[in-house]
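If you want the building blocks of each chain, they are given just below.
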Amino acid sequence: MVRTPLDRAGFEEFLTESDAPAAPGTSFFDTQLGFAVRRWCAPVLGLEPHCPPDAYLARRGELGPGEVTRLMLRASGVATLLVDTGLPGDLLTPSELAEAGRATAHEVVRLETLAEHAADASRDGHAFLVELDESVLRYTRSAVAFKSVAAYRHGLDLAPEPPGHAEVRTAAVRWHTGRQHGDRLRDPVLLRHLLWSAVRTGLPLQLHTGFGDPDLRLDRCDPALLTEFVRATAPWGTPLVLLHGYPYHRNAGYLAAAYSHVYADVGLSLTHTGARSWSVLAEMLELTPFGKLLFSTDAYGLPELYVVGARLFGEALSRLLERWTAEGAWSGKDADRVTAMLAADNARRVYGLGAAV
Amino acid sequence: MVRTPLDRAGFEEFLTESDAPAAPGTSFFDTQLGFAVRRWCAPVLGLEPHCPPDAYLARRGELGPGEVTRLMLRASGVATLLVDTGLPGDLLTPSELAEAGRATAHEVVRLETLAEHAADASRDGHAFLVELDESVLRYTRSAVAFKSVAAYRHGLDLAPEPPGHAEVRTAAVRWHTGRQHGDRLRDPVLLRHLLWSAVRTGLPLQLHTGFGDPDLRLDRCDPALLTEFVRATAPWGTPLVLLHGYPYHRNAGYLAAAYSHVYADVGLSLTHTGARSWSVLAEMLELTPFGKLLFSTDAYGLPELYVVGARLFGEALSRLLERWTAEGAWSGKDADRVTAMLAADNARRVYGLGAAV
Amino acid sequence: MVRTPLDRAGFEEFLTESDAPAAPGTSFFDTQLGFAVRRWCAPVLGLEPHCPPDAYLARRGELGPGEVTRLMLRASGVATLLVDTGLPGDLLTPSELAEAGRATAHEVVRLETLAEHAADASRDGHAFLVELDESVLRYTRSAVAFKSVAAYRHGLDLAPEPPGHAEVRTAAVRWHTGRQHGDRLRDPVLLRHLLWSAVRTGLPLQLHTGFGDPDLRLDRCDPALLTEFVRATAPWGTPLVLLHGYPYHRNAGYLAAAYSHVYADVGLSLTHTGARSWSVLAEMLELTPFGKLLFSTDAYGLPELYVVGARLFGEALSRLLERWTAEGAWSGKDADRVTAMLAADNARRVYGLGAAV
């Protein structure tokens, strides 16, 4: 969550995955996400649902970012936060988020950021690899999961097997030598080395799949491209959590059905599809075994995204399960059980978060 | 629209994207489009909805093609027609369509047809390139958009950057030399040259994506394949309008969300999916910003396709927005606003058509 | 159908396409298929719908596999069975299934199994090819269709044209020489030879497309990959039946719409999507001409899968057509006619099964 007040342009930037201004004559508020923010978040600030964007932003400005963050996080009903700490910008830390939301927070470590920090701190490629190994080991003790954004940096069409030691060393030296401070890691050998370093720890590994900002090329983020990696990592048993997936979320569901150690997570797929999120969730519930679908909001930048993500998920799931129960396709008891699984139990089990309070 | 009377076989040919007869024991009337024609167009001819095909065709024959065209165009409610004039066959011109439909008509110029005409009129490859340049320039003043069917001629997996001058000249000479009068343009260098010639004019460029007739290979028409071209053309700001998209219409929506100058158009995706068109439109409304989704019918050959395209779009949009409003996901005011955007305002803005009368 | 009693683990194995145990803390009963079995099959055994898995399995154990098979097959309402006899394991034969279900059974011959049996029976690669030719010819007289699982063995991205004689002979000798008894056929030249051997007989050829067990890589089973093969086989007119297709079932529908000799079959797409099967069927009914969509259950291992496949198809189709009729999109008469086509008439015509009794 950003710490500073946002004007309309600044706010709109977080309503889109685009990195450019809205097209002439259009506004990022005129999207499913923009409408969902006005619907669900306006009442949290004491306004009518669907009040005009400017009225919403005026009220938001009066309250200030700290108060809005507190109100949103508490209204979201999310009790346990898993926070990716590898995003750029001056964002709240997990413990600040926990305090604001009266919640528990855990850290998810973004592998590529970890590597870039290790590179910044190292004098050469060899030192970089040593530092990287130590960082991974260190976070294995404090974080609940690793996360990879290889989808953004290269695409998921990476060679599936772990790169050899010599290959990694060569790539590390080459990359470190040519690197300017702050450069992003895009080298495929090092991206694979990161993935395998994480797999070897046994900690769940989250993988960005499907849509996201324009850094990625959509068709190279189809989770089906991970099939060989999934097969290669099966002997390790490390949980692989496929985030988002949209519009290939049915493919993620297939992988979760076909391979023991694969899970699917709704991620930002519901947040950005608003009034249609029930239908996207329904498609995820076609093949994904009910013990293997996880909920998250992918909230980033705006605390509103916690509210929107949580409400859309809750409403979509209720609607689907009420319908399936009314039709006799599911029993009410199963519907309650699956609700608990998706909303919390699956994540608790996969990330080892312990029982509910 | 064809000028001549059609028998049953001739009529059925326009109900399908196939170029072969219907399989033994089947009829192209037994499709979503066939049912939609009987539903929506029979009443326009004074018949009961869903009357048998032969009764429909008999009535059509009595009225004659001119009268049927007038009745259908006026019943469609389409006030402004953007007509692709690059299709083969003896078809009504934009001004004839305008008169028949008491509508305004504008021309959309199909780049590949333009190039083929330029080649027919040129004595060699060099003259062809000069003539092509002049044609593009000429149409920039009279047409409202260019259109590319590179999807059909090669697939969308074209190299994204503009080809160099020498490369274009070599390709032009080679193609023109080997060409028989009437041959279609399939050379990837020249297809790219056409795309970039259009992009440089700033006039909106429509691109066929997704399904169509069997000339194309479906998986090479995924709009995601255009990602690099989209990136390369971003500095120009020329609007790229992705037509149809189905079954990759969610990918088109993603590109429209991620890149300022990209738009999506329902095209023939609704016409051919009939009773399911509301669901296809709903999927387009997941990621596509509401200011970036356009309506068209892709009507060709049969004037019935104007009625079917317009009715299916109108009914689908009403149904979705009534539902979303009833659920509280959208406000009624937003629903009205978005209806106006999709039905007319977005197209007016993108194609510079001026305000409504 | 297996002949022997199954314990819980054995039963669960047939509820999934996975070949590994369920992930820790999860059960294959917690899937759309697991819920559908409890809903539709428990009443067939005299139990309440949605009774707990253990109660269901206890009752199943009391009745014994023979009685359960009889009850399920008769309850399914399937009057004509087309049985793929190429699956491994000690399974009921078509005539045993026919007797258990008081139904008529026909054989579908799996090409790859045929080839493996021919290889087992031949002393060298040349003898293998002779034996294979004779087997194909022999089955042309007794079977109603051939089936290919090239999707599993290689993926559908095979070269489309028939391999030359010399190429086939070389591949046959190489494969036969290196082969251990029981080895599966994965050689792409021989897989293509099998496809073309079948196409030349004119008997319908079923092709596995879309999801299945983890032997396949999902994105290499997209039916769109068959486009060139479809074009190459068009002159033969041999019906190609694309099975399953999910999650690429819209692509299968496109091919069925665009090419005369292509058909789509719901296969296991409905069985595994349970409460969502109406939606998957609806997507298949977007582009697939109504005379070209077939019903099958893909039942294998558990007789429950006949009941689930038939019920989900029947319920989904009723629901969709009732809705479309109520909305006025379809006439009641058309709905009845299309129901008969999908449920039986299309399959009768394509497989030459003669009229209904």
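As the structure is a prediction and not an experimental result, all values here were calculated from the model. (Residues numbered from 1 in each chain as written. Chains lettered and ligands numbered in written order. Predicted model: local features only at pLDDT ≥ 70, side-chain atom pairs only at ≥ 80, totals over all residues. Heavy atoms only, no water.)

*Asks:* In this structure, what is going on with the pattern of salt bridges? I would like to understand it.
*Replies:* Oppositely charged side chains can pair when the atoms bearing their charge come close. Applying the stated criterion across every chain yields a total of 90 salt bridges over all chains. Between A:Arg38 and B:Asp334 there is a salt bridge whose closest N-O contact spans 2.9 Å. One end of the pair, A:Arg38, is in helix α2 (residues 32–40); the other, B:Asp334, is in helix α15 (residues 332–351), on a second chain. Taking the relative accessible area as the measure of exposure, A:Arg38 reaches 3% and is therefore buried. C:Arg8 serves as the salt-bridge partner of C:Asp54, at 3.0 Å between the closest nitrogen and oxygen. Of this pair, C:Asp54 sits in helix α3 (residues 53–76) while C:Arg8 sits in helix α1 (residues 8–13); the two residues are 46 residues apart in sequence, bridging distant segments of the chain. Judged by its relative accessible area of 30%, C:Arg8 is partly exposed. (Salt bridge = Lys/Arg side-chain N within 4 Å of Asp/Glu carboxyl O. Helix = DSSP H or I, 4+ residues; strand = E, 2+ residues; numbered from the N terminus. Buried < 20%, exposed > 50% of the residue type's maximum accessible area, 1.4 Å probe, protein only.)

*Asks:* Would you take a moment to explain the relation of the copies chain A and chain B for this structure?
*Replies:* Mapping between the two chain copies consists of a rotation about an axis together with a translation along that axis. Between the two copies, chain A and chain B, the superposition gives an RMSD of 0.0 Å; the rotation angle is 120 degrees and the shift along the axis is 0.0 Å. Such values leave the two copies arranged in the relation of a three-fold axis. Looking at the rotation axis and the C-alpha trace of chain A, the residue lying nearest is A:Ser279, at 5.7 Å. A different interface surface on each copy is seen, since only 3% of the contact residues of chain A are contact residues in chain B too. (Least-squares fit on C-alpha atoms with pLDDT ≥ 70 in both. Contact = heavy atoms within 4.5 Å.)

*Asks:* I tried to follow the interface of chain B and chain C on my own but got confused; where do I start?
*Replies:* Much of the literature gives interface size as the accessible area that the parts lose upon coming together. Taken together, the contacts link 37 residues of chain B with 34 residues of chain C. Summing the contributions of chain B and of chain C, the shared interface buries around 3000 Å²; its carbon and sulfur component is 51%. Sorting the residues of chain B by area buried against chain C places B:Phe35, B:Arg217 and B:Arg276 first, and these three jointly supply 20% of that buried surface. Where chain B meets chain C, there are six salt bridges. B:Asp30 is paired through a salt bridge with C:Arg337; the nearest N and O atoms lie 2.8 Å apart. Counting across the interface, chain B meets chain C through 21 residue pairs in polar contact (both at pLDDT 80 or more). Elements that contribute at least two residues to the side of chain B that touches chain C include exactly α2 (32–41) and α13 (277–287) of chain B. Considering only residue class, the side of chain B that touches chain C consists of 15 nonpolar, eleven polar and eleven charged. (Buried area = accessible area lost by both parts, 1.4 Å probe. Polar contact = N/O pair within 3.5 Å; in protein donor to acceptor, adjacent residues only side chain to side chain. Nonpolar A, V, L, I, M, F, W, Y, C, P; charged D, E, K, R; others polar.)

*Asks:* Would you mind showing me how to read the packing of aromatic side chains here?
*Replies:* The geometry of an aromatic ring pair is captured by two quantities: the separation of the ring centres and the angle between the planes. One pass over the full model with this rule turns up 36 aromatic pairs over all chains. Residues C:Phe211 and C:Tyr246 carry aromatic rings whose centres are separated by 5.5 Å and whose planes lie at 70 degrees to one another, so their mutual orientation is edge-to-face. Within this pair, whereas C:Phe211 is found in the loop between β4 (205–209) and α10 (227–233), its partner C:Tyr246 is found in the loop between β5 (240–244) and α11 (249–258), the two being separated by 35 residues in sequence. Of the two residues examined, C:Phe211 and C:Tyr246, each falls in the buried class. Three or more aromatic residues joined by ring pairs make a cluster, and in this case those are A:Phe35, B:Phe290, B:Trp324 and B:Trp330. The ring of B:Trp278 has B:Arg323 sitting right over it, with the charged end atom 4.8 Å from the ring centre. (Phe/Tyr/Trp six-rings, centres within 6.5 Å; stacked < 30°, edge-to-face > 60°. Lys NZ or Arg CZ within 6 Å of the ring centre and 35° of its normal.)

*Asks:* Please clarify how the side chain of B:Thr209 should be interpreted in this entry.
*Replies:* All names here are of chain B. Residue position: Thr209 is located in strand β4 (residues 205–209). Residue classification places Thr209 among the buried positions, given a relative accessible area of 0%. Only 2.7 Å separates the side chain of Thr209 from the backbone oxygen of Leu243, close enough to count as a polar contact. Those residues in contact with Thr209, other than ones at most four positions away along the chain, are Leu156, Cys221, Pro223, Leu226, Leu242, Leu243, His244 and Gly245.

*Asks:* Please clarify how the relation of the copies chain B and chain C should be interpreted in this entry.
*Replies:* With an axial shift of 0.0 Å and an RMSD of 0.0 Å, the rotation relating chain B to chain C amounts to 120 degrees. Mapped onto chain C, only 3% of the interface residues of chain B again fall at the interface, so the copies present different surfaces.

*Asks:* Is there a simple way to think about the packing of helix α5 (residues 111–120) of chain B against helix α6 (residues 125–142) of chain B in this case?
*Replies:* The axes of two packed helices give the description: the angle between them and the distance between them. Residues and elements named next belong to chain B. Relative to each other, α5 and α6 sit at 135 degrees, their axes nearing to 9 Å. In terms of their interaxial angle, α5 and α6 are classed as oblique. Between α5 and α6 the crossing geometry is right-handed. For the pair formed by α5 and α6, the contact residues are Leu114, Ala115, Ala118 and Ala119 on the first element and Phe128, Glu131, Leu132, Ser135, Val136 and Tyr139 on the second. In terms of residue class, the contact of α5 with α6 is built from eight nonpolar, one polar and one charged. (Axes fitted to C-alpha atoms, helices over the stretch in contact; angles between N-to-C directions. Parallel < 35°, antiparallel > 145°, perpendicular 65-115°, else oblique. Left-handed = near helix turned anticlockwise from the far one by under 90°.)

*Asks:* Just checking my understanding: could you explain helix α6 (residues 125–142) of chain A for this structure?
*Replies:* Because an α-helix completes one turn every 3.6 residues, residues spaced three or four positions apart along the sequence face the same direction. Residues and elements named next belong to chain A. Its 18 residues place the ends of α6 26 Å apart at the C-alpha level, agreeing with the 26 Å of an ideal helix rising 1.5 Å per residue. Of the residues making up α6, those classed as buried are Gly125, Ala127, Phe128, Leu129, Leu132, Ser135 and Val136. In this structure, the buried residues of α6 make contact with α5 (111–120), β3 (145–148), α8 (165–178) and α9 (188–201). For α6, the N-terminal cap is Asp124; the gap from its side-chain oxygen to the backbone nitrogen of His126 is 3.1 Å. (Expected span 1.5 Å × (residues − 1).)

*Asks:* In this structure, what is going on with the interface of chain A and chain B? I would like to understand it.
*Replies:* On the chain B side, the residues contacting the 37 residues of chain A number 34 residues. Around 3000 Å² of area is buried between chain A and chain B when both sides are counted, 51% of it from carbon and sulfur atoms. Of all residues in chain A, A:Phe35, A:Arg217 and A:Arg276 bury the most surface against chain B, accounting for 20% of the area lost on that side. Applying the counting rule to chain A against chain B returns six salt bridges. Taking the shortest distance from any N to any O, the salt bridge between A:Arg217 and B:Glu228 comes out at 3.8 Å. Linking chain A with chain B are 20 residue pairs in polar contact (both at pLDDT 80 or more), by the criterion used here.

*Asks:* What exactly am I supposed to notice about the confidence of the model for chain A here?
*Replies:* In regions of low pLDDT, the predicted coordinates are not meant to be interpreted in detail. When the pLDDT values of chain A are averaged, the result is 96; 99% of them are 70 or greater. Our summary of model confidence lists the complex with pTM equal to 0.98 and ipTM equal to 0.97. (pLDDT = per-residue confidence, 0-100.)

*Asks:* Can you walk me through the sheet that holds strand β7 (residues 293–294) of chain A in this structure?
*Replies:* Backbone hydrogen bonds hold the strands of a sheet together, and the pairing may be parallel or antiparallel. Residue and element names in this part refer to chain A. In spatial order, the strands read β1-β2-β3-β4-β5-β6-β7; together these seven strands make up an open sheet with parallel pairing. Looking along the sheet, the strands with just one partner apiece sit at the ends: β1 (80–84) and β7. Looking at chain direction, strand β6 (residues 262–265) and β7 are connected through two bridges and run parallel. Its bridge partner lying in β7, Asp265 is registered against Leu294. Strands β2 (104–110), β3 and β4 (205–209) of the sheet are contacted by α5, whose axis makes an angle of about 65 degrees with β2. (Pairing = 2+ DSSP bridges.)

*Asks:* Would you mind going over unusual backbone geometry with me for this structure?
*Replies:* One can expect most non-glycine residues to show negative phi and most peptide bonds to be in trans. A cis geometry characterises the amide bond from A:Tyr246 onward to A:Pro247, with omega recorded as 0 degrees. Despite not being glycine, B:His50 has its phi angle at roughly 70 degrees, a positive value. Following the sequence through the fold, B:His50 ends up in the loop between α2 and α3 (53–76). Of the residues examined, B:His50 reaches a relative accessible area of 13% and is grouped as buried.

*Asks:* I tried to follow the pairing of strand β6 (residues 262–265) of chain B on my own but got confused; where do I start?
*Replies:* When a strand is regular, its side chains alternate between the sheet's two faces. All names here are of chain B. In β6, alternate side chains face the same way, and those of Val262 and Ala264 on one face and Tyr263 and Asp265 on the other are all buried. Where strand β5 (residues 240–244) lies against β6, four bridges are found, and the strand directions are parallel. Looking at the pairing, Leu242 lines up with Ala264 of β6. Note that the unit made of β5, helix α11 (residues 249–258) and β6 has a crossover that is right-handed. (Right-handed = clockwise from strand over helix to strand, strands pointing away.)

*Asks:* Please clarify how helix α11 (residues 249–258) of chain A should be interpreted in this entry.
*Replies:* Summarising burial for α11(A): ten of the ten residues are buried, a large majority. Those residues of α11(A) that sit buried are A:His249, A:Arg250, A:Asn251, A:Ala252, A:Gly253, A:Tyr254, A:Leu255, A:Ala256, A:Ala257 and A:Ala258.

*Asks:* In this structure, what is going on with the UniProt feature "domain: Amidohydrolase-related" (unreviewed entry) in chain A? I would like to understand it.
*Replies:* The UniProt record annotates "domain: Amidohydrolase-related" (unreviewed entry) at residues 112–353 of chain A. Secondary structure across residues 112–353 of chain A divides into 55% helix and 8% strand, with the first and last C-alpha atoms of the span separated by 24 Å. (UniProt positions renumbered as here; feature names shortened; annotations may be inferred.)

*Asks:* Teacher, can you tell me more about the packing of α8(A) against α9(A) here?
*Replies:* Residue and element names in this part refer to chain A. One can describe the packing of α8 onto α9 by two numbers: an axis separation of 9 Å at closest approach and a directional angle of 120 degrees. Between α8 and α9, the crossing angle belongs to the class labelled oblique. Taken as a pair, α8 and α9 cross one another with a handedness that is left-handed. Contacts between α8 and α9 involve Glu167, Val168, Ala171, Ala172 and Trp175 from the former and Val189, Leu190, Arg192 and His193 from the latter. The residue inventory of the contact of α8 with α9, partitioned by class, reads six nonpolar, one polar and two charged.

*Asks:* Where do I start with the sheet that holds β5(B) in this structure?
*Replies:* Residue and element names in this part refer to chain B. Overall, parallel pairing links the seven strands, which are arranged β1-β2-β3-β4-β5-β6-β7 in an open sheet. Edge positions in the sheet fall to β1 (80–84) and β7 (293–294), since each has one partner strand and no second. Relative to β5, β4 runs parallel, the two being bridged by five bridges. The residue bridging His208 from the neighbouring strand is Leu243, located in β5. The strands touched by α5 within the sheet are β2 (104–110), β3 (145–148) and β4, with β2 carrying the most contacts at an inclination of about 65 degrees.

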